[in-house]
Amino acid sequence: MDSLLEEEDHKQVLLGINEEEEEEEEEEESEGNNYKNNNSKNNNNNKNRSLVKEKEEEGQSGQMGPPAGNSSSIHRSTSRPQLDVSKAEIQGNLEEKDPTILLPNQSDDLSHLALDIGGSLIKLVYFSRHEEESANDKRKRCLKERLGLSNGNRRCYPILGGRLHFVKFETRKINECLDFISSKQLHYGGMESHYTDADRNAIIKATGGGAYKYADLFKERLGVSLDKEDEMDCLVAGANFLLKAIRHEAFTHMEGQKEFVQIDPNDLFPYLLVNIGSGVSMIKVDGEGKFERVSGTNVGGGTYWGLGRLLTKCKSFDELLELSQKGDNSAIDMLVGDIYGGLDYSKIGLSASTIASSFGKTISDKKELADYRPEDISLSLLRMISYNIGQIAYLNALRFGLKRIFFGGFFIRGHAYTMDTISFAVHFWSKGEAQAMFLRHEGFLGALGAFMSYEKHGLDDLMVHQLVERFPMGAPYTGGKIHGPPLGDLNEKITWMEKFLQKGTEITAPVPMSPAAGTTGLGGFEVPLSKGSTLRPDASALNVGVLHLVPTLEVFPLLADIRTYEPNTIDLADPSELEYWLKILAEHLPDLVDKAVASEGGTDDAKKRGDAFARAFSAHLARLMEEPTAYGKLGLANLLEMREECLREFQFGDAYRSIKQRENEASLAVLPDLLMELDGMDEESRLLILIEGVLAANIFDWGSRACVDLYHKGTIIEIYRMSRNKMQRPWRVDDFDAFKERMLGDKKMPPHRRALLFVDNSGADIVLGMLPLARELLRRGTEVVLVANSLPALNDVTAMELPDIVAEAAKHCDILRRAAEAGGLLVDAMINTSDNSKGNSSSVPLMVVENGCGSPCIDLRQVSSELAAAAKDADLIILEGMGRALHTNLNARFKCDALKLAMVKNQRLAEKLLKGNIYDCICKYEPAS
């Protein structure tokens, strides 16, 4: 009995509840009901619109604090979202440090929307759930049991396993924001919510002055109360989360060049956060919840906008910023060169172009205000204010001995001149020892912090490898103009793309870019060959994607050093490399669209979606040519995954489905003859033929233009035989002898315990290449785990497809059949075998795990929990194919033996990486680090 009580106490501690809290929440719930009863709904839209107008007129003074005597309009509640803990139970071992807790009666209908309502912009952060996957079949259960993985799939924090969306609206168009919230029912937990009308007394977390100003409007229009959170608390919480959880969140900006910075989460604190709004606050952050406002200045964004409005007659902040893009501040500012006859003042490190006195030239010029260009005035103002903010920030950092300075706030807006000037000031006054850093999500710090004020948000437990950022159509900018509410469903996206093609820039919506000149035959946009001389004012602004929260992702445990691991082999920071690969992707687009449309039966609907996909992905490519860092630090792997995500966005699940099926069938038909040929060889000859077979079969790659051309010249078997006949050593990278020595050498080293085979393409690649190699390892007593994509990408085989391929191959091979049975891959065999067959099996198992991604490449910092578990007992890794062994991971080092096999199917890549030619081969063996 005592043990049962202890177990119940343990559950309550883990869930963060106690009797006092429950009583407190009951009282607050009663208060909320009284509030609801005393405030009846009024859905009259005309009244709402007039209320907005009244609020806007009240706000002309710029006051955003709570109205006097009206603090009761904000529902101040410390209550937390309720968790239904009835019948809660701990999954697995009670001794575990962080056991999974199953909440069978929890609906997940918690309000996960937060707002930051400022004077000019409204920022939203909201959560949406992933669709549940019913992949817990018998194979999965068998695999989890063998790998020691828990079957519990629910966490005590319901938010884990969903997406964080970032959206912004202009405050003066607040009704668009309210319509957007209402259309998605975000205030009630989303479209899949199980709320009833009786439950609808929702509370939304909000920060910013508008949380006071528009509280009545939210109550009138949506029937919700705004729970006001402190602005500074939210700013710091949002910044802390981003800097710890988002890889390459921070970047520097000097002379127009962005460089992303990797921040060590364990060495983040202390730092200085400089928030530039109307005024400027400088906050010393010492840790989670530990911060102090140490300084500030009243010269900030409001100063720039106010003086700019008086001097230039601009009607909006964005218009003033836009003017600065075309300005020349040397016409107004007195420069060092003006004082010293065009020369530098090198003795104290001042260049001739350094500003000696802002607006200094106007002293001696005999001109009136009307004689000066508004563009020059705007830029001079911008530089003056930015420089002073940068200087004051550095002096405060120096005062407190802080190594890092991060700048945020609406004033920055991703504006290149602003960031350059702040960076110059910090660099100059620190004599190059300090750098100004900016944040990709800087406009959303407050909204994100407000979101995190929900007690059960679950974000604190997330690690950097569990967050994946993706960029669907409609990803907003951190700066620049607002283009309209986010696009909704697929039909809305297709309709908008059609209008965009017809009317060009007359149509505005939140798309990745403005259209480039000219269109492709598909209706997509051509990728410009260079940036050109004219860019939009917000061209340098960064896009904010959707954060996918994937708690099942883990770091691959066999990486030698996660701190130095860089998956991408090609550096797209090189403009020539970026231009080349963008062109390659654009050229491959027509063929990809044809395959995608054909995979859906060539219907009119499929054609319409294919056309929209072509335009959308072309827009992504052109956006990257316009601003290479628009989506953060991208490598070739990210580009290829973006293409696959864009296909999925337009509901093309598997563009190469029929092609893969046809090639699998053709390859399986000749597999018995190949296995018979292999069995007639001695071990040494067989091992060489097996490696040659993997390299030869890797030629089948629909992602390579050269290989696509080959498909038109022969059947799959003819191409495979041609490729095998051309296999001549030495290969371009040839470590076969070292690998052979480890496998067959005189040292009589024991066979590897477990091998992870990262497979590539369907058809001959998997059937005639990797499966025979896997069979050889099984013959030697090595467990084999085939690692395949979780989602389709080009003609790559997926983990879902592999068991059927193995089952067909096993019909012709006893070694494969016994291993597949032992590994739980043959369902029929499992049904006919007792539950304890795993222990009685005399064969080493052949297993299949998914890798956690849907790209031709793989970033081993983010892999599935299945793969991470399988890796713990592995002492051999075989990476096969260009995507996994060349585009990525060519230089990766591992704690175990590693073999990298690939045929190079791109001439430029062969020359750059290997100083070789197309169709050269790599057999790179690296013993354990």
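The sections below set out a description of the structure shown in this document. What you see is a predicted model; the values in this text were computed from it and never measured.

Each helix and strand in the protein chain was counted, giving 31 helices and 27 strands. Within the protein chain, residue pairs in contact and separated by at least 24 positions form 75% of the contacts whose partners lie at least 6 positions apart. When the accessible area of the protein chain is evaluated, it comes to approximately 40,600 Å², of which 47% is carbon and sulfur surface.

Ranked by internal contacts, the top residues of the largest apolar core, which has 59 residues, are I691, L757, L786, L846 and I878. Of all the elements, helix α24 (residues 764–779) adds the most residues to this core, at 10 residues. Not counting residues within four places of it along the chain, the set of residues in contact with L757 comprises M770, A774, L777, V784, V785, L786, V787 and I878.

Evaluation of the coordinates by the stated rule reveals 46 salt bridges. R884 is the salt-bridge partner of D760, the closest N and O atoms lying 3.0 Å from each other. Placement of the pair is D760 in the loop between β21 (754–758) and α24 and R884 in helix α30 (residues 882–887), with a sequence separation of 124 residues. On the basis of relative accessible area, D760 is assigned to the buried category, the value being 4%.

Another aspect to go through is α24. With 16 residues, α24 ought to run about 22 Å at 1.5 Å a step, and its terminal C-alpha atoms sit 21 Å apart, in line with that. Maximal helix bending in α24 amounts to about 35°, located at M770; proline P772 follows within four positions. Counted residue by residue, α24 has 15 buried out of 16 residues, so it is predominantly covered. At the C-terminal side of α24, G781 shows a positive phi close to 90°.

Inspection of the secondary structure puts N851 in the loop between β23 (846–850) and β24 (863–864). C-alpha separation for the pair N851 and L791, spaced 60 residues apart in sequence, amounts to 9.2 Å. Excluding residues within four positions of it along the chain, N851 makes contact with V787, A788, N789, S790, I858, Q862, V863, S864 and L867. Looking at N851, its side chain comes within polar contact range of the main-chain nitrogen of S790, at 3.3 Å. Polar side-chain contacts of N851 include one of 2.9 Å to the backbone nitrogen of C853.

Now for the sheet that holds strand β7 (residues 225–228). The mixed open sheet is built from seven strands, whose spatial order is β7-β6-β3-β4-β5-β18-β17. Taken across any chain shown, the strands that pair with only one partner, and hence form the sheet edges, are β7 and β17 (467–470). Shown here is a sheet whose adjacent strand axes are inclined to one another by a mean of 25°, direction ignored. One ladder, built from three bridges, connects strand β5 (residues 162–170) with strand β18 (residues 546–549); its direction is antiparallel. Paired with R163 across the two strands is H548, which belongs to β18. Lying over the sheet, helix α14 (residues 445–452) contacts β3 (113–117), β4 (121–129), β5 and β6 (203–207), oriented at roughly 140° with respect to β3.

A cluster of nonpolar residues, I339, Y340 and L343, forms a patch on the protein surface that exposes about 310 Å² of accessible area. Positionally, L343 belongs in the loop between α11 (336–339) and β14 (355–357).

Mapped onto the fold, D875 is located in the loop between α29 (865–871) and β25 (876–880). Side-chain polar atoms of D875 contact the backbone nitrogen of R753, separated by 2.9 Å. Not counting residues within four places of it along the chain, the set of residues in contact with D875 comprises H752, R753, R754, C896 and D897.

Every second residue of strand β9 (residues 257–261) is oriented toward a common face, the buried set being K258 and F260 and the non-buried set Q257, E259 and V261. One ladder, built from five bridges, connects strand β8 (residues 250–254) with β9; its direction is antiparallel. Across the sheet, the residue bridging to H253 is K258, located in β9. Adjacent in sequence and paired antiparallel, β8 and β9 are bridged by two residues, among which E255 carries a positive phi angle near 50°.

Per the counting criterion, the structure on display carries 22 aromatic pairs. Pairing Y304 with F317 gives two aromatic rings, centres 5.7 Å apart and planes at 80°, and the pair type is edge-to-face. Residue Y304 is found in helix α9 (residues 301–312), and its partner F317 is found in helix α10 (residues 317–324); the two are separated by 13 residues along the sequence. Assigned by exposure class, Y304 and F317 land together as buried. Between the aromatic rings of Y340 and Y345, the centroid separation amounts to 4.9 Å while the plane-to-plane angle is 45°, which identifies the pairing as tilted. One aromatic cluster is present, formed by F251, F260, F407 and F438 through successive ring pairs.

Moving on, we come to helix α20 (residues 683–697). Its 15 residues give α20 an end-to-end C-alpha distance of 21 Å, which sits within 8% of 21 Å, the value for a rise of 1.5 Å per residue. Taken together, the buried positions of α20 are occupied by R686, L687, I689, L690, I691, E692, G693, V694, L695, A696 and A697. N-cap assignment for α20: the residue whose side-chain oxygen lies 3.1 Å from the backbone N of E684 is D682.

The next subject is the pairing of β7. Side chains S225 and D227 project from β7 onto one buried face, and the interleaved L226 and K228 project onto a second face that is buried too. As paired elements, β6 and β7 share four bridges and run parallel to each other. Its bridge partner lying in β7, I203 is registered against S225.

With that out of the way, let us pick up unusual backbone geometry. Along the chain, F269 connects to P270 via a cis peptide bond; the corresponding omega equals -10°. Between R729 and the following residue, P730, the backbone shows a cis peptide bond with an omega angle of 0°. Inspection of the secondary structure puts P730 in the loop between α22 (716–725) and β20 (733–734). For F359, which is not glycine, the phi dihedral falls at a positive 65°. Along the chain, F359 turns up in the loop between β14 and α12 (374–400). If you check the backbone angles, L794 has positive phi at about 50° while not being a glycine. Along the chain, L794 turns up in the loop between β22 (783–788) and α25 (802–810). Accessibility expressed as a relative area gives 6% for L794, which makes it buried.

Right, let's get into the sheet that holds β9. Strand order in the open sheet formed by seven strands is β9-β8-β16-β15-β10-β11-β12, and the pairing between neighbours is mixed. Strand pairing shows two members of the sheet lacking a second neighbour, β9 and β12 (290–297), which therefore form its edges. Averaged over all pairs of adjacent strands, the angle between their axes in this sheet comes to 30°, without regard to strand direction.

For the rest of this paragraph, the subject is the packing of α10 against α12. Two measures define how a pair of helices packs: the angle their axes make with one another and the distance between the axes. Two elements in contact, α10 and α12, have axes whose closest approach is 7 Å; the angle formed by their N-to-C orientations is 100°. The orientation of α10 with respect to α12, classified from their angle, is roughly perpendicular. Between α10 and α12, the residues in contact are L320, L321, L323 and S324 and P374, E375, S378, L379 and L382, respectively. Of the residues that constitute the contact of α10 with α12, the class distribution is six nonpolar, two polar and one charged.

A few words on empty space enclosed by the protein. Scanning the entire structure with this criterion turns up five cavities of 30 Å³ or more. Each pocket or cavity is described by its volume, and for the largest cavity that value is around 70 Å³. Every residue along the wall of the largest cavity is listed here: L592, E644, L647, R648, F652, G653, D654, A655, Y656, P792, A793 and L794. Sorting elements by how many residues they give to the lining of the largest cavity places helix α18 (residues 636–649) first, with three residues. Here the second largest cavity defines a volume of roughly 50 Å³. Along the lines of polarity and charge, the residues of the lining of the second largest cavity split into seven nonpolar, two polar and two charged.

Cut-offs and rules
- The residue count restarts for each chain, going from 1 along the sequence in the order it is written.
- In keeping with the model being predicted, local features are shown solely for residues with a pLDDT of at least 70 and side-chain atom pairs are shown and tallied solely at 80 or more, while totals for entire chains, interfaces and linings include all residues.
- To get the side-chain values, take all heavy atoms of the structure and skip hydrogens and water.
- Per the convention used, a helix needs a DSSP run of H or I reaching at least four residues, while a strand needs a run of E reaching at least two, with both numbered from the N terminus.
- We call two residues in contact when some of their heavy atoms are within 4.5 Å.
- Only the protein chains shown count as cover for residues, and all accessible areas are computed by the Shrake-Rupley method using a 1.4 Å probe.
- Remark: nonpolar core denotes a set of buried residues (Ala, Val, Leu, Ile, Met, Phe, Trp, Tyr, Cys) joined through side-chain atoms within 4.5 Å.
- Residue exposure (1.4 Å probe, protein chains only): buried if accessible area is under 20% of the type maximum, exposed if over 50%, otherwise partly exposed.
- The salt bridge criterion pairs a side-chain nitrogen of Lys or Arg with a carboxyl oxygen of Asp or Glu, the two atoms within 4 Å.
- A helix is expected to reach a length of 1.5 Å times the quantity of its residues less one.
- We define the bend at each residue as the angle formed by axes fitted to the 7 residues ending at it and the 7 residues starting at it.
- Counted as a polar contact is a pair of N or O atoms within 3.5 Å, where, for protein atoms, one must be capable of donating a hydrogen and the other of accepting one, and residues adjacent in sequence contribute only when both atoms are in side chains.
- By this definition, two strands are paired if DSSP reports at least two bridges between them.
- A fitted line through C-alpha atoms serves as each axis, taken over the contacting stretch for helices, and the angle formed by two N-to-C directions is quoted from 0 to 180°.
- Candidate patch residues must exceed 30% relative accessible area and have no salt bridge, after which like charges are joined if within 9 Å and Val, Leu, Ile, Met, Phe, Trp or Tyr side chains if within 5 Å.
- Classification of ring pairs uses Phe, Tyr and Trp, with its six-membered ring standing for Trp, and accepts pairs whose centres are within 6.5 Å; under 30 degrees between planes counts as stacked, over 60 as edge-to-face, and the remaining range as tilted.
- Note that the term roughly parallel is reserved for angles under 35 degrees, roughly antiparallel for angles over 145, roughly perpendicular for angles of 65 to 115, and oblique for everything else.
- For this classification, Asp, Glu, Lys and Arg are treated as charged, while Ala, Val, Leu, Ile, Met, Phe, Trp, Tyr, Cys and Pro are nonpolar and the rest, including Gly, are polar.
- Cavities and pockets are found on a 1 Å grid laid over the protein atoms alone: a cavity is a set of points where a 1.4 Å probe fits but cannot escape, a pocket is an open set with protein on both sides within 12 Å along at least five of seven lines, and a lining residue has an atom within 4 Å of such a point.
- Grid points are joined across faces, edges and corners, and a volume is the space filled by probe spheres set on the points.

Taken by themselves, the reported measurements are silent on function.
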